[in-house]
Amino acid sequence: MKFQKKHCVAMLLAGGQGSRLMVLTEDTAKPAVPFGGKYRIIDFPLSNCVNSGIDTVGILTQYQPLELNEYIGNGQPWRLNRSHGGVQVLPPYAQSKKSEWYKGTANAIYQNIAFIERYNPDNVLILSGDHIYKMDYAAMLRHHTKVDADCTIAVRTVPIEEASRFGIMNTNADGSIYEFEEKPKQPKSTNASMGIYIFKWEILRKFLIADENDPNSDNDFGKNVIPALLNAGHKLYAYEFQGYWKDVGTINSLWEANMELLGKEPAFNIYGDQGERIYARNYAKPSTYLAKGAKTENCFIAEGCEIYGSVKHSIISTGCTVAAGAIVEDSVIMPNVVIEADAVIRHAIVGEDCHVGRGAFIGGAFGEDEEKKISVVGKAKHIEANRVIRPGEIC
């Protein structure tokens, strides 16, 4: 079936296991992990699409998709509940010849060529579902069109000492890419790929098919498809992004990104005008109650909470209770957590639906120059009264 032609279709890769987030993703896909009190990680690229005027989004799911699928639903919170276009969840599916999981980022798009072809797009935007940022994809698309690129790759400048952790784009003065290095030991530049690509669809389609037919390929954009385009002489350009961007694929980075929402001048300002709001599926809850003896300082407290104890420099998500005498500092408390009286939580992440017993002690302080040791409590865990969870312990 053919639909009205689209200038650009977005494909959002949301199937990763997120193993580095350990207990937080045991039964939850990484893009569905709560963030910032009332959001999920996937809300950020989805909201960026809507704010950029991109109204057709395929979401490629795989690992533990149930919660993510339920959360996305018909796309209404992001104004993507449309009869033409909108949001479509795309899990791996059985084909006539074989059935298999997505083998890599390029294979995931290859398996969904038929979905893209329905809209006959000029361009395809490839996104990851596990980054925190605000970005105007429309501006990147305009640049892509202006320079007549076959592929445009979003890059950000990183310190030279960190460049070896990223895919690095070496560019000419006009921004054209002449070389791609995957995590080089001695990087030649600091232009780190953000994993955000815009391709001309007719060219990407050809290279996806060729990559799938290569038995030695890892079926990955960074390792295989991008180098293949370069070697074939296609026009690749870098698009420099200068705003806040965070890969929240580790415990420390997830904790840091949450903490960077706090303060009068936060590193990442989650607020925004109409064109840069972050949308989310929010369930109706009553206003948060702050008891007379409650103490709060420099924190986010979402709706539906009851606060009787002390909360300092922390994120308290929807539906949480902090009992009298309890202390929460420098921590991320995910939705529907109950913290009983006299419990102490410092430098920790507590997963959804947990119950922290009376007098329990989770985490601890660390010095400015010390390695961050974030304690983590997995989803729906019951921490017994007076139990001690040491700094950096995962349970």
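Quick summary incoming for the structure in this document. Within each chain, residues carry numbers counting from 1 in the order of the written sequence. Where local features are concerned, this predicted model is filtered to residues with pLDDT of at least 70; where side-chain atom pairs are given and counted, the filter is 80 or more; whole-chain, interface and lining totals use all residues. Hydrogens are left out, water is left out, and the side-chain values use all remaining heavy atoms of the structure.

Points about the packing of helix 6 (residues 201-212) against helix 7 (residues 221-231)
1) Next: The axes are straight lines fitted to the C-alpha atoms, using for helices just the contacting stretch, and the angles between their N-to-C directions are given from 0 to 180°. Numbering of helices and strands runs from the N terminus, with a helix taken as a DSSP run of H or I at least four residues long and a strand as a DSSP run of E at least two residues long. Look at helix 6 against helix 7: their axes get within 10 Å of each other, and the N-to-C directions meet at 120°. Overall, the two elements helix 6 and helix 7 adopt an arrangement that is oblique. By crossing handedness, the relation of helix 6 to helix 7 is classed as right-handed. Residues Ile203, Leu204, Phe207, Leu208 and Asp211 of helix 6 pack against Phe221, Asn224, Val225, Ala228 and Leu229 of helix 7.
2) Next: Three categories are distinguished: nonpolar for Ala, Val, Leu, Ile, Met, Phe, Trp, Tyr, Cys and Pro, charged for Asp, Glu, Lys and Arg, and polar for the others, with Gly belonging to the last. Of the residues that constitute the contact of helix 6 with helix 7, the class distribution is eight nonpolar, one polar and one charged. Throughout this description, any angle smaller than 35 degrees is read as roughly parallel, any larger than 145 degrees as roughly antiparallel, any in the 65 to 115 degree range as roughly perpendicular, and the remainder as oblique. Helix crossings fall into two classes, left-handed where the near helix is turned counterclockwise from the far one by less than a right angle and right-handed where it is turned clockwise. By definition, residues are in contact when any of their heavy atoms lie within 4.5 Å.

Let's talk about helix 1 (residues 43-51)
Every α-helical turn comprises 3.6 residues, leaving residues that sit three or four positions apart pointing alike.
1) Next: Think of it in three bands: residues with accessible area under 20% of the maximum for their type are buried, residues over 50% are exposed, and the middle band is partly exposed, with areas taken using a 1.4 Å probe on protein chains only. The element helix 1 is largely enclosed, with a buried count of eight among its nine residues.
2) Next: All of the buried residues in helix 1 are Asp43, Phe44, Pro45, Leu46, Ser47, Asn48, Cys49 and Val50.
3) Next: Where helix 1 terminates, the next one or two residues include Gly53, which has phi positive at roughly 80°.

Topic: empty space enclosed by the protein
1) Next: Using a grid of 1 Å spacing that covers the protein atoms alone, one calls a set of points a cavity when a 1.4 Å probe fits there but cannot get out, and a pocket when the set is open and has protein on both sides within 12 Å along at least five of seven lines; lining residues are those with an atom within 4 Å of a point. Grid points are joined across faces, edges and corners, and a volume is the space filled by probe spheres set on the points. Throughout the structure, instances matching the rule amount to one cavity of 30 Å³ or more.
2) Next: The volume enclosed by the largest cavity comes to roughly 50 Å³.
3) Next: Forming the walls of the largest cavity are Leu24, Thr28, Val33, Pro34, Met334, Gly351, Glu352 and Lys379.
4) Next: Considering only residue class, the lining of the largest cavity consists of four nonpolar, two polar and two charged.

Some details on the packing of aromatic side chains
1) Next: Two rings from Phe, Tyr or Trp (for Trp, the six-membered ring) form a pair when their centres sit within 6.5 Å of each other. Planes less than 30 degrees apart are called stacked, planes more than 60 degrees apart edge-to-face, and all others tilted. A full pass over the atoms with the stated rule returns 13 aromatic pairs.
2) Next: Consider the rings of Phe44 and Phe268, whose centres lie 6.1 Å apart with planes at 50°: the pair is tilted. Note that Phe44 is positioned in helix 1 and Phe268 in the loop between helix 8 (251-259) and strand 14 (289-290), a separation of 224 residues in sequence.
3) Next: By relative accessible area, Phe44 is classed as buried at 0%.
4) Next: Taking the relative accessible area as the measure of exposure, Phe268 reaches 4% and is therefore buried.

What about the sheet that holds strand 27 (residues 361-363)?
1) Next: Judged by pairing direction, the sheet is parallel, and its six strands sit side by side in the order 15-18-21-24-27-30 without closing on themselves. The sheet terminates laterally at strand 15 (295-297) and strand 30 (388-389), the two strands that pair on one side only.
2) Next: A pair of strands is treated as paired once DSSP finds two or more bridges between them. One ladder, built from three bridges, connects strand 24 (residues 344-346) with strand 27; its direction is parallel. Each residue of the ladder has a partner; that of Ile345, found in strand 27, is Ile362.

A few points about the side chain of Lys134
1) Next: For Lys134, the location among the structural elements is in the loop between strand 7 (131-133) and helix 5 (137-146).
2) Next: One buried charged side chain, Lys134, makes no salt bridge at all; its nearest oppositely charged neighbour is Glu276, positioned 4.3 Å away.
3) Next: Counted as a polar contact is a pair of N or O atoms within 3.5 Å, where, for protein atoms, one must be capable of donating a hydrogen and the other of accepting one, and residues adjacent in sequence contribute only when both atoms are in side chains. In terms of polar contacts, Lys134 uses its side chain to reach the backbone carbonyl oxygen of Tyr271, at 2.5 Å.
4) Next: Of note is the side chain of Lys134, whose polar atom sits 3.3 Å from the backbone oxygen of Glu276. Charge assignment in this entry is limited to Lys and Arg as positive and Asp and Glu as negative, and neither His nor the chain termini are counted. By definition here, a salt bridge exists when the distance from a side-chain nitrogen of Lys or Arg to a carboxyl oxygen of Asp or Glu is within 4 Å.

What to know about the pattern of salt bridges
1) Next: In total, this model carries 20 salt bridges according to the counting rule given.
2) Next: Ionic pairing is found between Asp130 and Lys30, a salt bridge with its closest N-O pair at 2.8 Å. Taken together, the residues Asp130 in the loop between strand 6 (123-128) and strand 7 and Lys30 in the loop between strand 1 (8-13) and strand 2 (34-35) connect sequence positions 100 residues apart. In terms of burial, Asp130 and Lys30 fall into one category: buried.
3) Next: Between Arg40 and Glu67 there is a salt bridge, and its shortest N-O distance comes to 3.1 Å. Taken together, the residues Arg40 in strand 3 (residues 39-40) and Glu67 in helix 2 (residues 65-72) connect sequence positions 27 residues apart.
4) Next: The buried category is assigned to Glu67, whose relative accessible area is 18%.
5) Next: The network of salt bridges with common partners includes Arg40, Glu67, Glu352 and Lys379.

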